[in-house]
Structure formats: C-alpha cells, structure tokens
Amino acid sequence: MKNLIGYFVVGLSVLALAPSVVPGSMAVLAFYSSLVLLLVSLFTISSANHRHFQLTAIIVGVGMLVLNDYLRVVMPSPESTWTNRIALYLVYLTICGVGMIKIKRQLNR
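Counting starts from 1 at the beginning of each chain's written sequence and moves along it residue by residue. In keeping with the model being predicted, local features are shown solely for residues with a pLDDT of at least 70 and side-chain atom pairs are shown and tallied solely at 80 or more, while totals for entire chains, interfaces and linings include all residues. For the side-chain quantities, the full set of heavy atoms in the structure was used; hydrogens and water were omitted.

**Q** Looking at this structure, how should I read the environment of Ser 13?
**A** Structurally, Ser 13 can be placed in helix 1 (residues 2-15). Note on contacts: a residue pair is in contact if any heavy atoms of the two residues lie within 4.5 Å. In this structure Ser 13 touches Leu 37, Thr 56 and Ile 59, once residues within four positions along its chain are discounted. What qualifies as a polar contact is a pair of N or O atoms within 3.5 Å, subject to a donor-acceptor requirement within protein and to the restriction that residues adjacent in sequence count only when both atoms come from side chains. Separated by 2.7 Å, the side chain of Ser 13 and the backbone oxygen of Val 10 make a polar contact. The helix count covers DSSP runs of H or I at least four residues long, the strand count covers runs of E at least two residues long, and both are numbered beginning at the N terminus.

Set out below in structure tokens:
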C-alpha cells in the first residue's frame with residue numbers, strides 16, 4: 001500500500017511542476033503543495049522503498065531552484081524578497097534533512 005502511495009506522490013510532484021512557472025501567487029501555491037507532497041513521502045520511508053522520498057525530493061528541488069517563478073535562482077519574480085526565499089529554502093532543507101535521518105536509521109537496522 002505504501003508503495004502505491006509512494007508512486008502516487010512522485011506522480012503528483014511531477015504534476016505540481018506545471019503551475020510553478022506561472023507568475024504570481026500560483027508559483028507559491030505550487031511550491032506549498034510540493035512541500036506537502038514531500039511531507040507525505042516522508043511516511044513512505046519506513047515500510048516502502050526510500051527511493052520514493054529521494055525522487056520526490058529531487059523533483060521538488062529542481063522545481064524550486066530552476067522552474068518556480070518565485071523561488072528560482074536565476075531571474076526570479078521581482079516581488080520575491082531574499083528573506084522569503086531563504087525561509088522557503090530552509091523549510092525544504094529541513095524536510096529533506098528529516099528524511100535523510102529517517103533513511104539512515106532505516107538502513108542501519
């Protein structure tokens with residue numbers, strides 16, 4: 001069952017990339033939905049393959065740094081401030097850090 005959820009989360013994270021390129025608040029909402037999907041993929045680490053979390057984290061990271069109009073590194077939206085962008089980067093890194101700790105614990109068992 002968790003394998004199915006893992007595949008579903010990966011598929012939805014790919015679909016969440018589409019609204020990321022839309023200027024304005026749609027890009028921020030797409031990133032928030034991607035973060036929720038990343039949180040859901042944390043729960044698939046324990047019993048399913050941890051590859052689902054890793055793949056979701058890579059998709060969300062690439063979407064955040066390259067595609068997202070509000071957060072991308074090169075030519076971001078003019079209304080985004082550095083403090084807002086850094087805060088959202090830190091939320092992503094925190095979730096990824098928790099996921100890596102869970103993966104490490106699972107592999108050590």
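**Q** What am I meant to see in empty space enclosed by the protein here?
**A** To find the voids left in a structure, one rolls a probe of water-molecule size over its atoms. Lining residues are defined by having an atom within 4 Å of a point belonging to a cavity or pocket. Those points lie on a 1 Å grid over the protein atoms alone, cavities being sets where a 1.4 Å probe fits but cannot get out and pockets being open sets with protein on both sides within 12 Å along at least five of seven lines. Grid points are joined across faces, edges and corners, and a volume is the space filled by probe spheres set on the points. In this structure the tally under the stated criterion is one cavity of 30 Å³ or more. Considered as a void within the structure, the largest cavity measures approximately 40 Å³ in volume. As for the largest cavity, its lining consists of Leu 17, Ser 20, Phe 31, Ser 34, Ile 59, Val 60, Gly 63, Met 64 and Asn 68. Of all the secondary-structure elements, those providing two or more residues to the lining of the largest cavity are helix 2 (25-42) and helix 3 (51-67).

**Q** Can you help me understand the environment of Pro 19 in this one?
**A** Mapped onto the elements, Pro 19 comes out in the loop between helix 1 and helix 2. Relative accessible area serves as the criterion here: at 23%, Pro 19 is assigned to the partly exposed category. Linking Pro 19 and Asp 69, residues 50 residues apart in sequence, is a C-alpha distance of 9.3 Å. Ignoring anything within four residues of it in the chain, the contact list for Pro 19 reads Met 26, Ala 27 and Ala 30. Exposed residues in this analysis have more than 50% of their type's maximum accessible area, buried residues have under 20%, and partly exposed residues fall in between, with area computed by a 1.4 Å probe over protein chains only.

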